[in-house]
Amino acid sequence: MRVGGRAEWLLEPATPEELRAAIVAAREDGVEPRILGGGANLIIDDGVLPGVVITTDRMKRLFRPVEMSAGLATELDARIAPSPREDGLRFVAWAGTTHQKLLTSACELGWSGLEGLAGVPGHVGGGVAMNAGGKWGGMWDQVERVLVVDERGELVELMRDQCSPTYRNGGLGRKVVASVLLKFRLDSTHAVKQRAREFLLAKNKVQPVSLWSAGCIFKNPDPKLADGRTAGQLVDAVGLKGTRIGDAEITDLHGNFFVNRGQATARDLLALIERARSVVAEKTGVVLENEVKVWLAGP
Ligand code: EPU
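Please read these numbers as outputs of a predicted model, since none were measured by experiment.

Chemist: Hey, could you run me through the pattern of salt bridges in this one?
Modeler: Think of it this way: side chains of opposite charge can pair up when their charged atoms draw near. According to the stated counting rule, one finds 19 salt bridges in the structure shown. Put simply, Arg-90 and Glu-144 hold a salt bridge, and the shortest N to O gap is 2.8 Å. Taken as a pair, Arg-90 in strand β6 (residues 90–94) and Glu-144 in strand β10 (residues 143–149) lie far apart in primary sequence, 54 residues in all. The partner of Glu-249 in a salt bridge is Arg-261, and the shortest N-O contact between them spans 3.2 Å. Taken together, the residues span a long stretch of sequence, with Glu-249 in strand β16 (residues 248–250) and Arg-261 in the loop between β17 (257–260) and α6 (266–284) at a distance of twelve residues. Look at Glu-249 and you get buried, because its relative accessible area is 8%. Put simply, Arg-244, Asp-247, Glu-249 and Arg-261 are held in one network by salt bridges that share partners.

Pasting the structure below:
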């Protein structure tokens, strides 16, 4: 959203092991670190954020595993790549890999499964943590295993059936994603590209994808409580589209997309979110819950 201030401390691990060490170092100093992926679904407060931020930006490795029995924690040689037709169809993606890079690489090999992430910004770590996606599917549809730094500060590999992802929640709690093993279906490059393009075009029609936003601000409410209406439709129905506080604006195109028109501050955006939540609650009885994450600098 291009708002927010600076971090007191910023750590930049380049490997899962360095990520683990960074988390442990912060916790040893009595600080629970905040993990920054692509920042695509995040509003960072103005001013200086106290404590430790760990960015996964340098953890960009994406490769095809050759020794599955060894598990994700093993150092695998990214240069050895079996033919796409072999029964592999798997990528290991470290947390800092962008969704875009993952999608393009799968597409080149004709691997299908994550086309639903077309146009979804951000990094794989955040995508797994939040179960990123939309109506055409999402991250956890393809997850086979995930390597996390757990609450005790250890690298632990979880199998898919040990995890319980739900709508917009990977269900990992305080565990931090270091790497993930994703399984695909073999299709053709043409078909995968075509599907991703169709999804992107459909999304472009209803969402202001090129403006500075954090994607959807609110989770879609339980359809039973909201007569089947989405968060965007509720904000739309109460007439809030176009509302502005400073340079923060609810877009005319989509009621669940709030954008920074240039000079918005985090506080402008947070005030706009609270205004939308309270007007929707008052007029429809539905209390919208944030989908976007917010990092506050103070109480
Ligand atoms: N609509 C309105 N008015 C609005 C907004 C939308 O009438 O102000 C209508 C649209 O015209 C469309 C329908 O509502 O017919 C649904 O809109 P959309 O396809 O954008 O779906 P959504 O439920 O609002 C969800 C996800 C999006 C994801 C899309 C497509 C949530 C909170 N949002 O949006 O995810 O891109 O489906 O799969 O689950 C995100 O998570 O950040 C995000 C953008």
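From this point, things continue past the structure.
Chemist: So what exactly am I meant to see when it comes to unusual backbone geometry here?
Modeler: With a phi angle near 50 degrees, Leu-89 is a residue other than glycine that sits in the positive phi range. By the element assignment, Leu-89 lies in the loop between β5 (62–63) and β6. A relative accessible area of 10% means that Leu-89 is categorised as buried. For Asp-227, which is not a glycine, the phi torsion comes out positive at approximately 50 degrees. Among the structural elements, Asp-227 can be located in the loop between β14 (213–216) and α5 (231–237).

Chemist: Got a minute to help me understand the packing of aromatic side chains in this structure?
Modeler: Centre-to-centre distance and the angle between the planes together describe a pair of aromatic rings. This structure, assessed with the given rule, holds six aromatic pairs. Across the ring face of Phe-63, the terminal group of Arg-61 is positioned such that the distance to the ring centre comes to 4.7 Å. For Arg-61, the ring lying beneath its charged end belongs to Trp-94, and the centroid distance is 5.0 Å.

Chemist: For this particular structure, what's the right way to read the sheet that holds β16?
Modeler: Backbone-to-backbone hydrogen bonds pair the strands of a sheet. The strands run either parallel or antiparallel. A sheet is described by the order of its strands in space; here four strands give the open sequence β14-β17-β16-β15, paired in antiparallel fashion. The two strands at the open ends of the sheet, each matched to only one other strand, are β14 and β15 (244–245). Note that β15 and β16 share two bridges and pair antiparallel. Directly across from Arg-244, in β16, lies its bridge partner Glu-249.

Chemist: Explanation requested: the environment of Arg-6 in the structure shown.
Modeler: Secondary-structure assignment places Arg-6 in strand β1 (residues 6–11). Residue classification places Arg-6 among the exposed positions, given a relative accessible area of 60%. Separated by 44 residues in the primary sequence, Arg-6 and Pro-50 have C-alpha atoms spaced 8.9 Å apart.

Chemist: Where do I start with the site of the ligand in this structure?
Modeler: In the vicinity of the ligand lie 22 residues, with Lys-135, Tyr-167, Cys-216, Gly-255 and Glu-291 positioned nearest. In the environment of the ligand, an oxygen atom lies 2.7 Å from a nitrogen or oxygen atom belonging to the side chain of Glu-291. Bound to the protein, the ligand loses 80% of the 820 Å² it would expose on its own. With three residues, the single largest contributor to the shell around the ligand is α5. Residue composition of the shell around the ligand, by class: five nonpolar, eleven polar and six charged.

Chemist: Please clarify how the confidence of the model for the chain should be interpreted in this entry.
Modeler: Where the model shows low pLDDT, its predicted coordinates should not be examined in detail. For the chain, per-residue confidence averages 93 on the pLDDT scale, and residues scoring 70 or more make up 93% of the total. Low pLDDT, under 50, characterises residues 74–85; the stretch is placed with 21 contacts to residues that sit more than four places away or in other chains.

Parameters and conventions
- Residues numbered from 1 in each chain as written.
- Predicted model: local features only at pLDDT ≥ 70, side-chain atom pairs only at ≥ 80, totals over all residues.
- Heavy atoms only, no water.
- Salt bridge = Lys/Arg side-chain N within 4 Å of Asp/Glu carboxyl O.
- Helix = DSSP H or I, 4+ residues; strand = E, 2+ residues; numbered from the N terminus.
- Buried < 20%, exposed > 50% of the residue type's maximum accessible area, 1.4 Å probe, protein only.
- Phe/Tyr/Trp six-rings, centres within 6.5 Å; stacked < 30°, edge-to-face > 60°.
- Lys NZ or Arg CZ within 6 Å of the ring centre and 35° of its normal.
- Pairing = 2+ DSSP bridges.
- Near = heavy atom within 4 Å.
- Polar contact = N/O pair within 3.5 Å; in protein donor to acceptor, adjacent residues only side chain to side chain.
- Areas by Shrake-Rupley, 256 points an atom, 1.4 Å probe, with all protein chains shown as cover.
- Nonpolar A, V, L, I, M, F, W, Y, C, P; charged D, E, K, R; others polar.
- pLDDT = per-residue confidence, 0-100.
- Contact = heavy atoms within 4.5 Å.

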